[in-house]
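Residue strings, one per chain:
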Amino acid sequence: LTNTSNVMASYQEFEVTVHTSPGPTCGTFSRLWLNLIGSQGETPPMIVNEGDHHLLPGSVCPVQIRTNGPLGHLVLVQLRLEALTGFPDLDWHCSHVEFGSKCALSERLRRRAEAWTSFTELEMVFTHSGQHNNTARFVWAHWKEDWYFGYQCLNGCNPLLLRQIRLLPPHLSVTPDMLRPFLPEDSSLEQELQKGTIYLLDYEVLDTVPANVINGKQTYLSAPLCLLHLNQQQQLVPIAIQLQQTPGPQNPVFLPSDPGCDWLLAKIWVHSADFQCHQLASHYLRTHMLGETCCVATLRQLPEVHPLHQLLIPHVRTSLQINFQARVSLLAANGVFDKAVGCGLDALPVLLSRASQRIHYRSLCVPDDLSDRGVDKLPQSYYAQDALRIWDALHRFVVQWVDLYYSADSEVQQDSELQQWLTDINTHGFTHNSGFPQVFQSKAEVSKFVTMIVYTSSALHAAVNFSQLDFALWVPNCPTSMMRPPPQVKGSVTDDDILSSLPDVNSSCRVLMSLTLLSQPSANFVPLCHYKEAIFREDAHRRLVEEVQAELKTISEDMSERNSQLELPYPYLCPGHIENSVAI
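If you're wondering where the values come from, they're calculated on a predicted model, not measured in any experiment.

S.K.: Please clarify how the environment of L167 should be interpreted in this entry.
M.R.: Summarising the element assignment, L167 is placed in the loop between β9 (163–164) and α4 (176–179). In sequence terms L167 and Q194 are 27 residues apart; their C-alpha atoms lie 8.5 Å from each other.

S.K.: Can you help me understand the nonpolar core in this one?
M.R.: Where a protein is soluble and globular, its nonpolar side chains tend to be buried together. Core analysis: the largest hydrophobic core is formed by 149 residues, its most contacted members being L162, Y383, I390, W421, F449, M452 and Y455. With 19 residues, the top contributor of residues to this core is helix α6 (residues 260–301). Apart from residues no more than four positions distant in its own chain, Y455 is found in contact with V366, Y383, A387, I390, W391, L394, L460 and L573.

S.K.: Would you mind showing me how to read the side chain of H315 here?
M.R.: In this structure, H315 sits in helix α7 (residues 307–316). Ignoring any residue separated from it by four or fewer positions in sequence, one finds H315 in contact with V454, S457, L528, Y531, N580, S581 and V582.

S.K.: When you look at the layout of surface pockets in this model, what are you seeing that I'm missing?
M.R.: The space that makes up the second largest pocket amounts to roughly 690 Å³. Lining the second largest pocket we find 32 residues, and of these L160, L161, R163, R286 and R358 sit closest to its centre. A per-element tally of the lining of the second largest pocket places helix α12 (residues 366–373) first, with six residues. When the residues that make up the lining of the second largest pocket are grouped by side-chain class, the tally is 18 nonpolar, four polar and 10 charged.

S.K.: Looking at this model, I keep getting lost on the packing of aromatic side chains. Mind explaining?
M.R.: The geometry of an aromatic ring pair is captured by the separation of the ring centres together with the interplanar angle, meaning the angle of the planes. According to the stated counting rule, one finds 22 aromatic pairs in the structure shown. A centroid spacing of 5.2 Å and a plane angle of 85° characterise the contact between Y570 and Y572, whose relative ring orientation is edge-to-face. Judged by its relative accessible area of 1%, Y570 falls in the buried class. Taking relative accessible area as the criterion, Y572 reaches 7% and is therefore assigned buried. Taken together, the aromatic side chains of Y361, W421, F436, F440 and F449 make up a single cluster linked through ring pairs.

S.K.: Where do I start with the sheet that holds strand β14 (residues 236–242) in this structure?
M.R.: Sheets are built from strands paired through backbone hydrogen bonds, the pairs being either parallel or antiparallel. Spatially, the five strands line up as an open sheet ordered β9-β10-β13-β14-β15, and their pairing is antiparallel. Strands at the two margins of the open sheet, each flanked by one partner only, are β9 and β15 (253–254). Relative to the sheet, helix α3 (residues 146–155) contacts β10 (198–202), β13 (225–230) and β14, its axis offset from that of β14 by approximately 95°. Relative to the sheet, α6 contacts β10, β13, β14 and β15, its axis offset from that of β14 by approximately 90°.

S.K.: Got a minute to help me understand the packing of α6 against α7 in this structure?
M.R.: Any two packed helices are characterised by the angle at which their axes cross and by the distance between the axes. Interaxial distance between α6 and α7 falls to 10 Å at its minimum, and their mutual angle equals 140°. For the crossing formed where α6 meets α7, the hand is left-handed. Where α6 approaches α7, its residues G291, C295, T298 and L299 are matched on the opposing element by H309, L312, I313 and V316.

S.K.: Looking at this model, I keep getting lost on unusual backbone geometry. Mind explaining?
M.R.: Negative phi is the rule for most residues except glycine; trans is the rule for most peptide bonds. Positive phi, normally seen in glycine, also occurs at N215, with a value near 55°. Along the chain, the position of N215 falls in the loop between β11 (213–214) and β12 (217–218). The class for N215 is partly exposed, based on a relative accessible area of 32%. Although it is not a glycine, Q380 sits at a positive phi angle of roughly 65°. Note that Q380 resides in the loop between α12 and α13 (382–405).

Rules of the game
- Residues numbered from 1 in each chain as written.
- Predicted model: local features only at pLDDT ≥ 70, side-chain atom pairs only at ≥ 80, totals over all residues.
- Heavy atoms only, no water.
- Helix = DSSP H or I, 4+ residues; strand = E, 2+ residues; numbered from the N terminus.
- Core = buried A, V, L, I, M, F, W, Y, C linked by side-chain atoms within 4.5 Å.
- Buried < 20%, exposed > 50% of the residue type's maximum accessible area, 1.4 Å probe, protein only.
- Contact = heavy atoms within 4.5 Å.
- 1 Å grid on protein atoms, 1.4 Å probe; cavity = no way out; pocket = protein on both sides within 12 Å on 5 of 7 lines; lining within 4 Å.
- Points joined across faces, edges and corners; volume = space filled by probe spheres on them.
- Nonpolar A, V, L, I, M, F, W, Y, C, P; charged D, E, K, R; others polar.
- Phe/Tyr/Trp six-rings, centres within 6.5 Å; stacked < 30°, edge-to-face > 60°.
- Pairing = 2+ DSSP bridges.
- Axes fitted to C-alpha atoms, helices over the stretch in contact; angles between N-to-C directions.
- Left-handed = near helix turned anticlockwise from the far one by under 90°.

Everything listed is a geometric property; what it means functionally is a separate question.
Below you can see the structure in the form of structure tokens.
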């Protein structure tokens, strides 16, 4: 998006040029509608390509727009495709949009690399972009509430970090007296710890990670520790937040009893840290990169006739292409991480290296992970409930597939191609102390490992990818960068401080546009456990596929029934919404 004029006066004319990417599959025959959204109003939608003017690869479409009134600061260009009768409904890849006013304006108004002027302006943009998104509207209505902060730890776009603890972290500077007001009157902190009602979010992986420079301004990262309590209303609520790992007088512990702005800003800092860990560790590393590692090992070590090659390739083959595209766009110079995210290009190798060293095999296997973190039996933990059901269905399917080809554990041990495949994955993917099996001794070990790959490349990716726009559309709920350093004292934070801490207008919009694209199903969407390959139509294999598809259909119906009773549904692991592989 190239902005050559940003403040719009009354009844002003604009020259807008829409550029289609040059790739051979980037064009479309659909009609394109465009409207400009400003801080004070918007233009009505108008057609960009009239008649036979199709959006062909590399094409340039100019259009003139005249406003009917003042728009204020330009904050969004909205594009919408309309499929035309008689033409194929093809995806369209927009390269960029240029727009400019016919009046001359100063350079400072041109790029809007500045803070939001008010929460009213934020709400105006949100109204246009999130008005049809029920989850996003719920986020906007409840984002300040402590119970909803805890709910997002369980069912938001990063449900992988919350952990039950029995001992307080030594570097979290809290005392029993500090926390007593937030616990039941007849119980102590020690008793609550032993009962298992105390939980922790720890973002230590971000400690000392270099923060990005965005719009020529230094941004800031923190590595918070957040303590949460499962209260008597069965709500998980935050009770203490320390914004850096090292205790000290300039690193206070924020409490729910602190002034409202102090407590709110502390929670916003946690959300910003969570965004960094979600995008790079939970999403990119645990799904995209794991899928790529397993895909390459499969292509290298397992011949096409090997039964696990045949089973796994439909679940991992797209990871190579999508990851290459990410590395030359989103994660590249001038990409969204470079220009709009707190963890920029300098931070990427640091954070990814640290996060990969912290991955343990059990954390990738759903039953082990949920049990280890103590979230498997938490009320309202819909990710945990749904993940366990999906894992169990996939595991039964994989066990039966393995049974078709291996009659005994000894056959697994003697399969040199299978053992070399595992060695390849371990050599290029994980450290030796990460709990990953170094050799396969049994059919059960193979089945669990393959289930982990299938689940991670399909269901886990669905949970952490297709949820992200819903929780990020309201910018204060998911700040992609922080423009002011963490507060070092209590009692000094104002509403203006909170507003000026949020990412600038242009970087906020750039991230939201990227998340909008990433939240769309791929053009060739294949639902979980649906296969096009011929082997899955053979008798024994077809029976297994039919059985797992029937089980997933039952799970889907159960989830739909449950969600119909919830004020805020959890749809991200509904099998019909889960893609067979990482394809976006």
